[in-house]
Amino acid sequence: MSESYYYLLVNIACISIPFVFSFHPKLNFHKQWPGFFAGIFVMWIIFIPWDMFFTSKEIWGFNLKYVTGIHLFNLPLEEVLFFFCIPYASIFTYHCFRIFTHGKVLSNAFIYLAWLIAIVSLAVAFLHYNRWYTFTAHLFCGLFLLYHLLIVRQPYLKTFMLSFLILLIPFIGSNGILTGLQFWNYPIINSDPASVTDMIVWYNLDHNLQLRIFSMPIDDLSYGLTMLLLPITVFEWVGRRKLAANATQN
């Protein structure tokens, strides 16, 4: 198979199983699609322009060898699909955890973890304000978690934190492939990002922490958390409005 399909294959691999199981009668995720698409739309409004701007400034970019050559503005089509396929798989997983933990009280440890991530993210952002990817990814992550902890204060944050911890394994795997095709050949904590080769997505080392998990920039953890929590926030809001409307009708 041509190397130009590699990024596309990563997207397909991430969404295929969640899409098939969306129609399972015990899950019925397809019935949650209105909330999902609302969440994706809001996330795209923020993340697509962010991606386009950073691409134009060469803070990150794409190896043309591994994409089909179809572009939307300055982004490969596969990069736009990334912002659909990864959130779909992740929100599907979150939906499953929401079903499996229904009626159960999750530990407050997940709230403490959210506080810890928020504080560390903000500290990292302000300590590295001159590294644009590090600064923006950690700043948005910290502020958005504080928004949930101090203002939203909904119990779904515990479920999200639980699902995010589980999703770290496939997240690191998929991002590992994108940032170094044979990511498993690198140390788990990799302090030599210049040694990473065969990148589908490359990064300007002047604008991140220059520390990687295998081949994935560690900054991607904060970026990914915000990218997933944002559509889930809208997803949950739509769900609450639907329940309120049904209660009013009854």
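Procedures and definitions
- Residues numbered from 1 in each chain as written.
- Predicted model: local features only at pLDDT ≥ 70, side-chain atom pairs only at ≥ 80, totals over all residues.
- Heavy atoms only, no water.
- Helix = DSSP H or I, 4+ residues; strand = E, 2+ residues; numbered from the N terminus.
- Rg over C-alpha atoms; globule rule 2.2 N^0.38 Å.
- Buried < 20%, exposed > 50% of the residue type's maximum accessible area, 1.4 Å probe, protein only.
- Contact = heavy atoms within 4.5 Å.
- Areas by Shrake-Rupley, 256 points an atom, 1.4 Å probe, with all protein chains shown as cover.
- Phe/Tyr/Trp six-rings, centres within 6.5 Å; stacked < 30°, edge-to-face > 60°.
- Patch = residues over 30% accessible without salt bridge, like charges linked within 9 Å, V, L, I, M, F, W, Y side chains within 5 Å.
- Salt bridge = Lys/Arg side-chain N within 4 Å of Asp/Glu carboxyl O.
- Disulfide = S-S within 2.5 Å.
- Pairing = 2+ DSSP bridges.

Asker: Would you mind going over the overall build of the protein chain in detail, with residue names and values included?
Answerer: When helices and strands are counted, the protein chain shows seven helices and seven strands. Against the 2.2 N^0.38 benchmark of 18 Å for 250 residues, the protein chain shows a C-alpha radius of gyration of 18 Å, consistent with a compact globule. Its C-alpha atoms give the protein chain principal-axis dimensions of roughly 60 × 45 × 30 Å. Split into buried and exposed, the 250 residues of the protein chain put 49% on the buried side. Here the contacts in the protein chain between residues at least 6 apart in sequence split such that 73% fall between residues at least 24 apart. Approximately 12,600 Å² of the protein chain is accessible, and the part contributed by carbon and sulfur atoms is 69%.

Asker: How would you explain the packing of aromatic side chains if you had to name every residue and give the values?
Answerer: Summed over the entire model, instances satisfying the criterion amount to 36 aromatic pairs. Judged by centre distance (6.2 Å) and plane angle (15°), the rings of Phe-19 and Trp-33 are stacked. Taken as a pair, Phe-19 in helix α1 (residues 6-21) and Trp-33 in helix α2 (residues 33-56) lie far apart in primary sequence, 14 residues in all. Relative accessible area serves as the criterion here: at 38%, Phe-19 is assigned to the partly exposed category.

Asker: I'd like a description of a nonpolar patch on the surface, backed by residues and values.
Answerer: A cluster of nonpolar residues, Ile-17, Phe-19, Val-20, Phe-21 and Phe-23, forms a patch on the protein surface that exposes about 500 Å² of accessible area. Locating Val-20 in the fold gives a position in helix α1.

Asker: Any chance you could break down the state of the cysteines for me, citing the residues and the numbers?
Answerer: Applying the stated criterion across every chain, the model contains zero disulfides. You can see Cys-85 has no disulfide; the closest cysteine sulfur is in Cys-14, sitting 7.4 Å from it.

Asker: Just give me the short version of the pattern of salt bridges, but keep the residues and values in it.
Answerer: Using the criterion set out here, one finds one salt bridge in the structure. Note that Glu-236 and Arg-98 form a salt bridge whose closest N and O atoms lie 3.2 Å from each other. Taken together, the residues Glu-236 in helix α7 (residues 219-249) and Arg-98 in helix α3 (residues 77-100) connect sequence positions 138 residues apart. What makes Glu-236 buried here is its relative accessible area of 10%.

Asker: Please give an account of the sheet that holds strand β7 (residues 216-217) that cites residues and values.
Answerer: One open sheet holds the three strands; their spatial order is β4-β6-β7, and the pairing between them is antiparallel. Lying at the two open borders of the sheet, with one neighbouring strand each, are β4 (189-190) and β7. Inspection of the sheet shows strand β6 (residues 212-213) paired to β7 by two bridges, in the antiparallel sense. In the strand pairing of β7, Ile-213 is matched with Met-216.

Asker: Kindly report on the environment of Pro-193, identifying the contributing residues and their values.
Answerer: Note that Pro-193 resides in the loop between β4 and β5 (201-203). Taking the C-alpha atoms as reference points, Pro-193 and Asn-175, separated by 18 residues in sequence, lie 14 Å from one another. Discounting chain neighbours no more than four positions away, the residues touching Pro-193 are Leu-205, Gln-210 and Arg-212.

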